[in-house]
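# Commentary on secondary and tertiary structure
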Amino acid sequence: MNSTEVERRLRQITWPEPSSELRARVLAESTVRPQLIAWSDRLWFSRTWRLSMTALVIAVFTIRAWPGSPAAASSDPSPQALADAQAIEETGRDIGLPGAVIASLARRALGQSRLRGMTFNASAIQFFDQEETRRD
Amino acid sequence: MTISLRPFVFASGVPRVRDDRRDRELLAGLASGRREALGELYDRHAASLFRHGLALTRRRPDAEDLVQAVFVKLSATGAELLGVRKPASYLHRMLHTTWMDARRRVITGERVVEQVKADGEWARPAFEASIDVARALDELPEEQREVVVLHIVEGFSFREVGRLTGVSLFTAAGRYRLAVGRLRNLLGSPRGGLK
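Residues numbered from 1 in each chain as written. Chains lettered and ligands numbered in written order. Predicted model: local features only at pLDDT ≥ 70, side-chain atom pairs only at ≥ 80, totals over all residues.

### As for the environment of Ile102(A)
All names here are of chain A. Looking at the element boundaries, Ile102 is found in helix 7 (residues 99-113). The class for Ile102 is partly exposed, based on 18 C-beta atoms found within 10 Å. When the C-alpha atoms of Ile102 and Thr91 are compared, they prove to be 8.8 Å apart, with 11 residues separating the residues in sequence. Setting aside its immediate chain neighbours within four residues, Ile102 contacts Glu89, Gly92, Arg93 and Leu97. (Helix = DSSP H or I, 4+ residues; strand = E, 2+ residues; numbered from the N terminus. Buried ≥ 20, exposed ≤ 12 C-beta atoms within 10 Å, placed from the backbone. Contact = placed C-beta atoms within 7 Å.)

See below:
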């Protein structure tokens, strides 16, 4: 006897039905009370709402990860950018620049580092070079 | 060499047409407290749940108690019913967990439950030839019997069977394969290999 024959014979079994009293018993035992479903429950358990939220989360992450997007530019600076800004601040202090100028340079370094492909603020380097030459 | 699993996994079950949309409407009605929704849900699913219960308990009164417990639980569930996508699977999973909970309580209470062999009580064959099949099915371990009934009789895919019994698709398919192999041995041997 093969599997197909076993399956065919299994399907031939006639199964009993539950007794007729069971329905009445179930309806008597069950406590169904009229209740108002809150709109928040309807929203939370709605398939459309869940799918929309998932799509929204994916969209937000995609936009943030996109290199040229404003959301990506406004993200937190990388550790490298922070280190650069700190180095500019220390160097500016060493050569005796005013605090406002140092802060401005650091801000520009942080702003520039957010754009990919630009590793350092070229104008700041130029400025430091000029300062070095003037002092020498 | 390619291994074709798909025909084995999906071809043997009887595909059942389920009106999930209507069932979801009924569940939403039940969540709002409409008693007639419970009655209609009972009419649509009680027989199927009862067969599942018989496969697990092998005793008619126990199977009826299980079905009753499922509907009582269902009526007390509330707004969560609005999130049910596949009502038939949901109800069968509820029955499975109810049975497992009941068994766990019996085991922790250290009561030894003797499995009562109730020949002919839980499944009455339509033809003389299928008497042996029903008896052979009775010889299977509970989890194999459950998979056979859910897949062959109720038409659930192995993925669904796995979900509602808390095992993987492959475990469900493996149990089914073992069950059919064992049934072949039992039915192929003299007197069906049955005691």
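### Quick word on unusual backbone geometry
Positive phi, normally seen in glycine, also occurs at Arg58(B), with a value near 65 degrees. Relative to the helices and strands, Arg58(B) resides in the loop between helix 3 (35-57) and helix 4 (60-75).

### With respect to the nonpolar core
Core analysis: the biggest nonpolar cluster contains 55 residues, and Leu30(B), Val67(B), Val70(B), Val148(B) and Tyr176(B) have the highest contact counts within it. In terms of residue count, helix 3 of chain B provides more of this core than any other element does, 10 residues in total. For this core, the two domains that each supply at least three residues are domain 1 (19-120) and domain 2 (123-195) of chain B. When sequence neighbours within four positions are dropped, the list of residues in contact with Tyr176(B) reads Val147(B), Val148(B), His151(B) and Phe158(B). Ala85(A), Leu105(A), Ala106(A) and Ala109(A) belong to the second largest nonpolar core, which has 5 residues in total. (Core = buried A, V, L, I, M, F, W, Y, C linked by C-beta atoms within 7 Å. Domains from an automatic or database assignment.)

### With respect to the confidence of the model for chain A
Residue and element names in this part refer to chain A. Model confidence for chain A is summarised by a mean pLDDT of 79, while 76% of its residues fall at 70 or above. Helix 5 (residues 70-73) is the least confidently modelled element of chain A, averaging 62 in pLDDT, while helix 2 (residues 20-29) averages 91, the highest of any element. Across residues 116-120, confidence stays below pLDDT 50; counting only partners more than four residues off in sequence or on other chains, it has 5 contacts. (pLDDT = per-residue confidence, 0-100.)

### Re helix 6 (residues 79-94) of chain A
Residue and element names in this part refer to chain A. In a regular helix each residue adds 1.5 Å, so 16 residues correspond to 22 Å; helix 6 covers 22 Å between its end C-alpha atoms and thus fits that length. Turning to helix 6, its buried residues are Asp84, Ala85, Ile88 and Gly92. Buried residues in helix 6, looked at end-on, bunch into an arc of 95 degrees, giving them a common side. For helix 6, exposure combined with an orientation more than 90 degrees from the buried face picks out Pro79, Gln80, Gln86, Glu90, Arg93 and Asp94. At the exit of helix 6 stands Gly96, carrying a positive phi of roughly 80 degrees. (Expected span 1.5 Å × (residues − 1). Arc of directions from axis to C-beta.)

### Looking at helix 7 (residues 142-153) of chain B
Residues and elements named next belong to chain B. The end-to-end C-alpha distance of helix 7 is 16 Å, a good match for the 16 Å that 12 residues give at a rise of 1.5 Å each. Most of helix 7 sits out of view: 9 of its 12 residues are buried. Three or more residues of helix 7 are buried, namely Gln144, Glu146, Val147, Val148, Val149, Leu150, His151, Ile152 and Val153.

### Things to note about the environment of Val153(B)
Relative to the assigned elements, Val153(B) resides in helix 7. Expressed as a C-alpha distance, the spacing of Val153(B) and Arg51(B), which sit 102 residues apart in the sequence, is 8.6 Å.

### Remarks on the interface of chain B and chain A
The interface is formed by 42 residues belonging to chain B together with 31 residues belonging to chain A. Contributions of two or more residues to the side of chain B that touches chain A are made by helix 2 (20-31), helix 3, helix 4, strand 1 (124-125), helix 6 (131-139), helix 7 and helix 9 (169-188) of chain B. Per element, the largest residue contribution to the side of chain B that touches chain A is 8 residues, and it comes from helix 3 of chain B. Among the residues making up the side of chain B that touches chain A, the classes are represented as 27 nonpolar, 9 polar and 6 charged. (Nonpolar A, V, L, I, M, F, W, Y, C, P; charged D, E, K, R; others polar.)

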